[in-house]
Amino acid sequence: MLTELLGLFEAGALNPIPVSAWDLRQAPEAFRYLSQARHTGKIVLTVPADWNPDGTVLITGGTGTLGAFVARHAVTVRGARRLILTSRRGEAAAGAAELAAQLRAPGADVTVAACDAADREALAALLASIPAAHPLTAVVHTAGVLDDGIAEALTPERLDRVLRPKADAALHLHELTRHLDLADFVLFSSAAGTFGGAGQANYAAANVFLDALARHRQAHGLPGTSLGWGLWAEASGMTGELDSADKDRMTRSGVLGLSSEEGLALLDTAHHTGDAHLVPMQLDLAPLRQADAAMVPALLRGLVRAPRPPHRPGGHRRDRNPAGGAARTPPRERARHAPPRPRTRPGRRRPRPRHLRRRRTRPRLQGPRLRLADRRRVPQPARRHRRSPAARHPRLRLPHPPRSSPATSRTNSSAPRPRWPPPPSRGTRPSPRPTTPSPSSP
């Protein structure tokens, strides 16, 4: 039977149950997800791994500003000894020779390759050239191109120019390395995909694809982290065209530039968290508190609180006139602008306020108890007879026993008290209740 089942699985007639992978550092979230019965199939915890010192680190866009920062950090801090830096121009790129010399000085083996990661065949040939003694251990995708424009002005050529180096290259890296045992797969995204940017519809769409790809990899048990970077203080190939007016506009929106030290420290922090999507950026909330509420991004409105108006002497704020003075509004003016009071139906009395109602001092079951006592002809205090409806009837009133003098009560205190009503004597039957003859009887 097991042989037949294996044959059905190989033929595709049967599919294994789905498996959802969670990073070990997210074990509490995984158990909470399991306890809520929101999963289908199995939940597996994956153990993160560190970079292999003898492995190879691939950095796309490695000759750019951000790629050079990551390459230096990988050699000096992370301990990488073999790097492959790719770009479309290779060693002919500006500053590529100087960067390779700086990285080779500590003893690292650096290869600068002219390879477009969006070209699947060229990328597959580059990955095949990596020796087995130094397997691929980490991938950092930093390549990207800007071509800003409003959505109506976008053409297929402008979309392809932005999506190709970002989305297509990331997809090829994912498909060509999914069978390898990688320790890190980092995608350099942008905060434009999270918050949205004016005139960056194509660039935001490319970055959103990177964020979704990182989540897809983690769901299948593969390493994947997408970092939605904010503004870097150092000018790069994409931000070098920003003038002072653009930077001032970003400062007014609360976005400050990250230095290279801060950005690389956040890169290491993201490696230790294990989250699929993070947004490392520096925010200044002071300009946002003074800006219009419509200009604040929706994701930041929970962090921004509008300042309260300053308190002015002269009374409460609601008693001041619209001009802002401290004079109190006259009572007639307040009554005229006050909202109308709710009216009751005609002939119905308005209920009294709760704090003016008379509190009940006796239990509600007192009435039924008194009526039961009156039926049994048990003497009750006079104040209770007045409250009982049965005691008001003249036929149901009970005669009180004669009062004795104080001297008699003291002398005859040991004598038994007479029972009331007196019991019937022995041998006699109680007289029947007289009945009134009906007119029809003879």
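Residues numbered from 1 in each chain as written. Predicted model: local features only at pLDDT ≥ 70, side-chain atom pairs only at ≥ 80, totals over all residues. Heavy atoms only, no water.

### Remarks on the packing of helix 3 (residues 65-76) against helix 4 (residues 96-104)
(1) Moving on: Interaxial distance between helix 3 and helix 4 falls to 10 Å at its minimum, and their mutual angle equals 10 degrees. Judged by the inter-axis angle, helix 3 sits roughly parallel to helix 4. Across the interface between the two elements, Ala68, Ala71, Arg72 and Val75 from helix 3 touch Leu99, Gln102 and Leu103 from helix 4.
(2) Moving on: Tallied by class, residues from the contact of helix 3 with helix 4 come to five nonpolar, one polar and one charged. (Axes fitted to C-alpha atoms, helices over the stretch in contact; angles between N-to-C directions. Helix = DSSP H or I, 4+ residues; strand = E, 2+ residues; numbered from the N terminus. Parallel < 35°, antiparallel > 145°, perpendicular 65-115°, else oblique. Contact = heavy atoms within 4.5 Å. Nonpolar A, V, L, I, M, F, W, Y, C, P; charged D, E, K, R; others polar.)

### A closer look at the packing of aromatic side chains
When we look at a pair of aromatic rings, we describe it by the centre distance and by the angle of the planes.
(1) Moving on: In the structure shown here, the tally under the stated rule is four aromatic pairs.
(2) Moving on: Ring centres of Trp22 and Tyr33 lie 5.4 Å apart, and the angle between their planes is 50 degrees; on these two criteria the pair is classed as tilted. Linking Trp22 in strand 1 (residues 19-23) with Tyr33 in helix 2 (residues 27-35), this pair joins segments that are eleven residues apart in sequence.
(3) Moving on: For Trp22, a relative accessible area of 19% corresponds to the buried category.
(4) Moving on: Judged by its relative accessible area of 23%, Tyr33 falls in the partly exposed class.
(5) Moving on: Relative to Trp232, the ring of Trp229 lies with its centre 4.9 Å away and its plane at 55 degrees, an arrangement referred to as tilted. (Phe/Tyr/Trp six-rings, centres within 6.5 Å; stacked < 30°, edge-to-face > 60°. Buried < 20%, exposed > 50% of the residue type's maximum accessible area, 1.4 Å probe, protein only.)

### Focus on the environment of Thr142
(1) Moving on: Mapping Thr142 onto the fold places it in the loop between strand 6 (136-141) and helix 6 (156-177).
(2) Moving on: A relative accessible area of 9% means that Thr142 is categorised as buried.
(3) Moving on: Counting along the chain gives 78 residues from Thr142 to Gly64, while the straight-line C-alpha distance between them is 8.4 Å.
(4) Moving on: When sequence neighbours within four positions are dropped, the list of residues in contact with Thr142 reads Ile59, Thr60, Gly61, Gly62, Gly67 and Phe188.
(5) Moving on: Here Thr60 takes part through its backbone oxygen, which lies 2.4 Å from a polar atom of the side chain of Thr142. (Polar contact = N/O pair within 3.5 Å; in protein donor to acceptor, adjacent residues only side chain to side chain.)

### Remarks on a nonpolar patch on the surface
(1) Moving on: On the surface, a nonpolar cluster with roughly 590 Å² of combined accessible area is contributed by Met1, Leu2, Leu5, Leu8, Phe9 and Leu14.
(2) Moving on: The topology assignment puts Met1 in the segment before helix 1 (2-11).
(3) Moving on: For Met1, a relative accessible area of 75% puts it in the exposed group. (Patch = residues over 30% accessible without salt bridge, like charges linked within 9 Å, V, L, I, M, F, W, Y side chains within 5 Å. Areas by Shrake-Rupley, 256 points an atom, 1.4 Å probe, with all protein chains shown as cover. Salt bridge = Lys/Arg side-chain N within 4 Å of Asp/Glu carboxyl O.)

### So, the side chain of Asp23
(1) Moving on: With respect to the secondary-structure elements, Asp23 resides in strand 1.
(2) Moving on: Residue Asp23 is classed as buried on the basis of its relative accessible area, which comes to 10%.
(3) Moving on: Polar side-chain contacts of Asp23 include one of 2.8 Å to the side chain of Arg25.
(4) Moving on: For Asp23, the residues in contact, after removing those within four places along its chain, are Leu45, Thr46, Pro48 and Gly274.

### A few points about unusual backbone geometry
(1) Moving on: A positive phi angle, near 55 degrees, is found at Ala37, a position not held by glycine.
(2) Moving on: Along the chain, the position of Ala37 falls in the loop between helix 2 and strand 2 (42-46).
(3) Moving on: For Ala37, a relative accessible area of 60% puts it in the exposed group.

### A look at the environment of Leu187
(1) Moving on: Tracing the chain through its elements places Leu187 in strand 7 (residues 184-190).
(2) Moving on: Taking the C-alpha atoms as reference points, Leu187 and Ser226, 39 residues apart in sequence, are found 4.7 Å from one another.
(3) Moving on: Beyond its immediate stretch of four places on either side in the chain, Leu187 contacts His141, Ala170, Leu210, Leu213, Ala214, Thr225, Ser226 and Leu227.

### What about the sheet that holds strand 3 (residues 56-60)?
(1) Moving on: In spatial order, the strands read 5-4-3-6-7-8-10; together these seven strands make up an open sheet with parallel pairing. Sheet topology places strand 5 (109-114) and strand 10 (277-278) at the edges, where each strand pairs with a single neighbour.
(2) Moving on: Looking at chain direction, strand 8 (residues 225-229) and strand 10 are connected through two bridges and run parallel. Considered in strand 10, the bridge of Ser226 is made with His277. (Pairing = 2+ DSSP bridges.)

### Let's talk about the pattern of salt bridges
(1) Moving on: Counted by the stated rule, this structure contains seven salt bridges.
(2) Moving on: Residue Asp109 pairs with Arg82 through a salt bridge whose shortest N-O separation is 2.7 Å. One end of the pair, Asp109, is in strand 5; the other, Arg82, is in strand 4 (residues 82-87), and 27 residues separate them in sequence.
(3) Moving on: Looking at Asp109, the relative accessible area reads 37%, which means it is partly exposed.

### Details of helix 3
(1) Moving on: Its twelve residues give helix 3 an end-to-end C-alpha distance of 17 Å, which sits within 8% of 16 Å, the value for a rise of 1.5 Å per residue.
(2) Moving on: Among the twelve residues that make up helix 3, nine are buried, leaving the element largely enclosed by the rest of the structure.
(3) Moving on: Every buried residue belonging to helix 3 is among Leu66, Gly67, Ala68, Phe69, Val70, Ala71, His73, Ala74 and Val75, and all of these are buried.
(4) Moving on: Among the structural elements, strand 3, strand 4, helix 4, strand 6, strand 7 and helix 10 (260-273) are those in contact with the buried residues of helix 3. (Expected span 1.5 Å × (residues − 1).)

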